[in-house]
Amino acid sequence: ALAFAIYRGKRRSEHLLLNILPEQVAEELKDHGSAKAQKLENVTVLFTDFKGFTEIAEQLSPEALVAEIHQCFSAFDAIMDKYGVEKIKTIGDAYMAAGGVPSPKNSHALDVVGAALEIQQFMLELAEEKKQKGEPYFEVRIGINSGPVVAGIVGTKKFQYDIWGDTVNTASRMESTGKVGKVNISESTYLLVKDDFNCEYRGEVEAKGKGKVKMYFVS
């Protein structure tokens, strides 16, 4: 009985670790007590953000607000799983994920754009349901960029797998300069997906560390 209890406890710990870290990183951490930082050359990063979040938050009770965010982010998690995209973290009402981490994948840009369009569709359908009930609803902006990142684990308490670099900053810029209900991608992502998706050029924007970046709506 004791051996079974120890086994069950170990399995639970492993499950929790896999819920926090990518499997490959969790295995490395388990085997060696640490995980090496990686330089990954071809990654696609996605950011989402809710428009008017503060105003909507003020109309809801704390329980209702948390339930709304949970419903959206749980759906996003399921979509990421479906497309093989790694959720990185949530920051308030923002959601961040990346394709091609921690293991390189040739399809990283296609996977992330496919996931983004599914998020867009989910949010539009949810908004329609809420409108019919006369309830407040979230609208989402989505931004995507492709390029190199550094990836690794930081911290000793509540540690997390994270990614850094200009690629991440530009993805965030694509989100903030996008439009509600649209998926806004940078030129670097456009060049990887233009044969598979309809893309509409929409001008350039200044991005920190990158100068002017061309942007496209994808559908």
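Before reading on, note that the structure itself is shown above.
The structure reproduced in this document is the subject of the present report.

So, how was this worked out
Residues numbered from 1 in each chain as written. Predicted model: local features only at pLDDT ≥ 70, side-chain atom pairs only at ≥ 80, totals over all residues. Heavy atoms only, no water. 1 Å grid on protein atoms, 1.4 Å probe; cavity = no way out; pocket = protein on both sides within 12 Å on 5 of 7 lines; lining within 4 Å. Points joined across faces, edges and corners; volume = space filled by probe spheres on them. Helix = DSSP H or I, 4+ residues; strand = E, 2+ residues; numbered from the N terminus. Nonpolar A, V, L, I, M, F, W, Y, C, P; charged D, E, K, R; others polar. Phe/Tyr/Trp six-rings, centres within 6.5 Å; stacked < 30°, edge-to-face > 60°. Buried < 20%, exposed > 50% of the residue type's maximum accessible area, 1.4 Å probe, protein only. Expected span 1.5 Å × (residues − 1). Contact = heavy atoms within 4.5 Å.

**Digging into the layout of surface pockets**
When its volume is computed, the largest pocket comes out at roughly 560 Å³. Along the wall of the largest pocket there are 20 residues; nearest its centre are Leu18, Asn19, Ile20, Glu86 and Lys87. Elements supplying a minimum of two residues to the lining of the largest pocket: helix H1 (2–20), helix H4 (62–83), strand E2 (86–91) and strand E5 (160–164). The class makeup of the residues in the lining of the largest pocket is 10 nonpolar, 4 polar and 6 charged. In this structure, the second largest pocket occupies an estimated 160 Å³ of space.

**Side note on the packing of aromatic side chains**
A complete count under the given rule lists 9 aromatic pairs for this structure. Arranged with centres 6.5 Å apart and planes meeting at 50°, the rings of phenylalanine 50 and phenylalanine 76 form a pair that is tilted. Remark: phenylalanine 76 occurs in helix H4 and phenylalanine 50 occurs in strand E1 (residues 38–51); sequence separation between them is 26 residues. Where phenylalanine 50 meets phenylalanine 138, the ring centres are 4.5 Å apart and the plane angle is 10°; that geometry is what we call stacked. Placement of the pair is phenylalanine 50 in strand E1 and phenylalanine 138 in the loop between helix H5 (108–133) and strand E4 (139–154), with a sequence separation of 88 residues. Assessed through its relative accessible area of 3%, phenylalanine 50 is described here as buried. We classify phenylalanine 138 as buried; its relative accessible area is 5%. Among the aromatic side chains, those forming a connected cluster through ring pairs are Phe50, Phe53, Phe73, Phe76, Tyr95 and Phe138.

**Focus on unusual backbone geometry**
Residue valine 101 is joined to proline 102 through a cis peptide bond whose omega torsion reads -10°. Note that proline 102 resides in the loop between strand E3 (94–99) and H5.

**Here we look at H4**
Spanning 22 residues, H4 covers 32 Å between terminal C-alpha atoms, matching the ideal 32 Å at 1.5 Å per step. Its buried side turned inward, H4 meets E1, helix H3 (53–59), E2, E3 and H5. Positive backbone phi, at 70°, marks glycine 84, one or two positions downstream of H4.

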